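# Coordinate analysis (summary)
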Amino acid sequence: MREFIDVTGKTEDEAIAKALEQLGLERDDVSVEILERAKSGFLGLGSCPAKVRVTYGPEEEEEAPAAPVREELREEKPKAEAPKAPEKKPEKKEKPARKQETAPKPAAEPVPAVDNGEEVDDEKAQAIKKFLTGLLEQMECPVDIHVYQPEKGRYKVILEGQGLGALIGRRGETLDAIQQLTSYAVNRSGSGRVRIQLDAENYREKREQSLQHLARKVAAKVTKYRRSVTLEPMNAYERHVIHTALQDVPGVTTYSTGVDPNRRVIVAYDRDKK
């Protein structure tokens, strides 16, 4: 059952921060409604603090849209040519399948080349290469491994070779799993934790563009029909891309619901954000 608390602060942001601190939750876990906006008054007279209502907890069935629109991020497949209808009228006609929204196929998106700089060969880079070499040999996927360090504490690993589609997997699930295993193996030692991003065939950039395109399309639908849209389950990074893409879009607000791996982003109509 979803619950809420009302909190005041000098500004809306301060009130939201107080509520999140009180609940011990992240901004991604709650829905915020501004009840009263802050007023500065004149010479300190007539000032009014901001008041917000922060809703949290599992989503109630009755709060969900009566007919939620589910957006699917599936790669588009060419439709087979429909066979010609027989002259004899069939006794029973099947209902056409419900049309689902799909994101553009990532491979079709032109993505500019990224300059990763020079490769690094420090202790962490060597540990990354050693683990991935052994893992990919077991998977019978010989590839070239290139390790870069775009910033301190973050390593970007690029895989190059043939048949990388199997390493990427459906919606990048295999690539995410390999990345998680690599991060765990490299960070087991006590020499400091680092973030590792694994990529192949520029999949990450293409996926991000696809998500941004979907976010804009969904936002337009939400403002047009004034009803919420629930997206498919996404990982934390993909949810962050959606939230960031729509944070300044008038008329919509976003929040997440559910528990990983089935946590979803909801794009909701917001009359106050116009």
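Note: the structure precedes this text.
Let me begin by describing the structure that accompanies this report.

### Examining the overall build of the protein chain
The helix and strand inventory of the protein chain stands at six helices and 10 strands. Buried residues in the protein chain amount to 36% of all 274 residues. Partitioning the intrachain contacts of the protein chain with sequence separation of at least 6 by distance along the chain shows that 65% fall at a separation of at least 24. Per element, the accessible surface of the protein chain, about 18,100 Å² overall, is 50% carbon and sulfur.

### Observations regarding the packing of helix α5 (residues 203-225) against helix α6 (residues 236-246)
If you want to describe how two helices pack, look at the angle between their axes and the distance between the axes. Packing of α5 against α6 brings their axes to within 9 Å, and their N-to-C directions diverge by 50°. Looking at the two axes, α5 sits oblique to α6. In the packing of α5 onto α6, the handedness of the crossing is right-handed. Contacts between α5 and α6 involve R207, E208, L211, Q212, A215, R216 and A219 on the former and, on the latter, Y237, E238, V241, I242, A245 and L246. Split by residue class, the contact of α5 with α6 holds eight nonpolar, one polar and four charged.

### Looking at the pattern of salt bridges
Scanning all chains against the criterion turns up 11 salt bridges. In this structure, the salt-bridge partner of D6 is R53, at a minimum N-O distance of 2.9 Å. Here the residue D6 occupies a position in strand β1 (residues 3-9), and R53 occupies one in strand β3 (residues 50-56), the gap between them amounting to 47 residues. The class of D6 is partly exposed, set by a relative accessible area of 34%. Assessed through its relative accessible area of 25%, R53 is described here as partly exposed.

### Concerning the sheet that holds strand β5 (residues 144-151)
Taking strand neighbours across the sheet as the criterion, the three strands line up as β5-β6-β7 in an open arrangement whose pairing is mixed. Sheet topology places β5 and β7 (195-200) at the edges, where each strand pairs with a single neighbour. Strand-to-strand, the axes of this sheet are offset by a mean angle of 25°, without reference to chain direction. Across six bridges, the pairing between β5 and strand β6 (residues 154-160) is antiparallel. Residue pairing for β6: V147 is matched across the bridge by V157.

### A look at a negative patch on the surface
A grouping of E119, D121, D144 and E160 is seen on the molecular surface, where their side chains present a negatively charged patch. Within the element layout of this structure, E119 appears in the loop between β4 (69-71) and α2 (123-138). For E119, a relative accessible area of 41% gives the class partly exposed.

### Comments concerning the sheet that holds β3
Strand order in this open sheet of three strands is β1-β3-β2, and the pairing throughout is antiparallel. Looking along the sheet, the strands with just one partner apiece sit at the ends: β1 and β2 (31-36). Neighbour-to-neighbour, the strand axes of this sheet turn through a mean angle of 25°, independent of strand direction. Here five bridges tie β2 to β3, and the two strands are oriented antiparallel to one another. Looking at the pairing, I34 lines up with V52 of β3. Most of the contacts of helix α1 (residues 12-23) go to β1, to which it runs at about 135°, and overall it touches β1, β2 and β3.

### A few points about the pairing of strand β9 (residues 252-257)
For a regular strand, side-chain orientation follows a simple rule: the groups alternate between the two sheet faces. Counting buried residues along β9, six of its six residues qualify, which places the element largely inside the surrounding structure. Pairing of β9 with strand β10 (residues 264-269), which is carried by six bridges, proceeds in the antiparallel orientation. By the bridge assignment for β10, S256 is matched with V265. Hairpin connection between β9 and β10: a loop of six residues separates the two successive antiparallel strands, and G258 in this loop has a positive phi of roughly 95°.

### A few points about α5
Turn by turn, an α-helix covers 3.6 residues, leaving residues three or four places apart pointing in a common direction. In a regular helix each residue adds 1.5 Å, so 23 residues correspond to 33 Å; α5 covers 33 Å between its end C-alpha atoms and thus fits that length. Every buried residue of α5 is accounted for by Y203, R204, E205, K206, R207, S210, L211, L214, A215, V218, A219 and V222. Positioned one or two residues after α5, R226 has a phi angle of 55°, which is positive.

### Overview of the environment of E119
For the pair E119 and H146, spaced 27 residues apart in sequence, the C-alpha separation works out to 6.7 Å. In this view, E119 contacts K129, I145, H146, V147 and Y148; residues no more than four positions away in its chain are not counted. A polar atom in the side chain of E119 sits 2.8 Å from the side chain of H146.

Definitions and limits used
Along each chain, the written sequence defines residue order, and numbers are assigned to residues from 1. The predicted origin of the model limits local features to residues at a pLDDT of at least 70 and limits the giving and counting of side-chain atom pairs to 80 or more, whereas totals for whole chains, interfaces and linings rest on all residues. Excluded from the side-chain calculation are hydrogens and water; included are all heavy atoms of the structure. Helix numbers and strand numbers start at the N terminus; a helix is a DSSP run of H or I with at least 4 residues, a strand a run of E with at least 2. Think of it in three bands: with a 1.4 Å probe and only protein chains considered, a residue is buried below 20% of the maximum accessible area for its type, exposed above 50%, and partly exposed in between. By definition, residues are in contact when any of their heavy atoms lie within 4.5 Å. Residue burial considers only the protein chains on display, and all accessible areas are found by Shrake-Rupley using a 1.4 Å probe. Simply put, an axis is a line fit to the C-alpha atoms, just over the touching stretch for a helix, and the angle between two N-to-C directions goes from 0 to 180 degrees. An angle below 35 degrees is treated as roughly parallel, one above 145 as roughly antiparallel, one from 65 to 115 as roughly perpendicular, and anything else as oblique. Each helix crossing is assigned a hand: it is left-handed if the near helix lies turned anticlockwise from the far helix by less than a right angle, otherwise right-handed if that turn is clockwise. Following the grouping adopted for this structure description, the nonpolar residues are Ala, Val, Leu, Ile, Met, Phe, Trp, Tyr, Cys and Pro, the charged ones are Asp, Glu, Lys and Arg, and the polar ones are all others, Gly among them. We define a salt bridge as a side-chain nitrogen of Lys or Arg found within 4 Å of a carboxyl oxygen belonging to Asp or Glu. If DSSP finds at least two bridges between two strands, the strands pair. Residues enter patches when their relative accessible area tops 30% and they take part in no salt bridge; the joining distance is 9 Å for like charges and 5 Å for the nonpolar side chains Val, Leu, Ile, Met, Phe, Trp and Tyr. Counting rule for charge: Lys and Arg are taken as positive, Asp and Glu as negative, and neither His nor the chain ends is counted. For this purpose, a charge sits on NZ of Lys, CZ of Arg, CG of Asp or CD of Glu. A helix is expected to span 1.5 Å multiplied by its residue count minus one. For this analysis, a polar contact is any N or O atom pair within 3.5 Å, provided that within protein one partner can donate a hydrogen and the other can accept it, and provided that sequence-adjacent residues contribute only side-chain to side-chain pairs.

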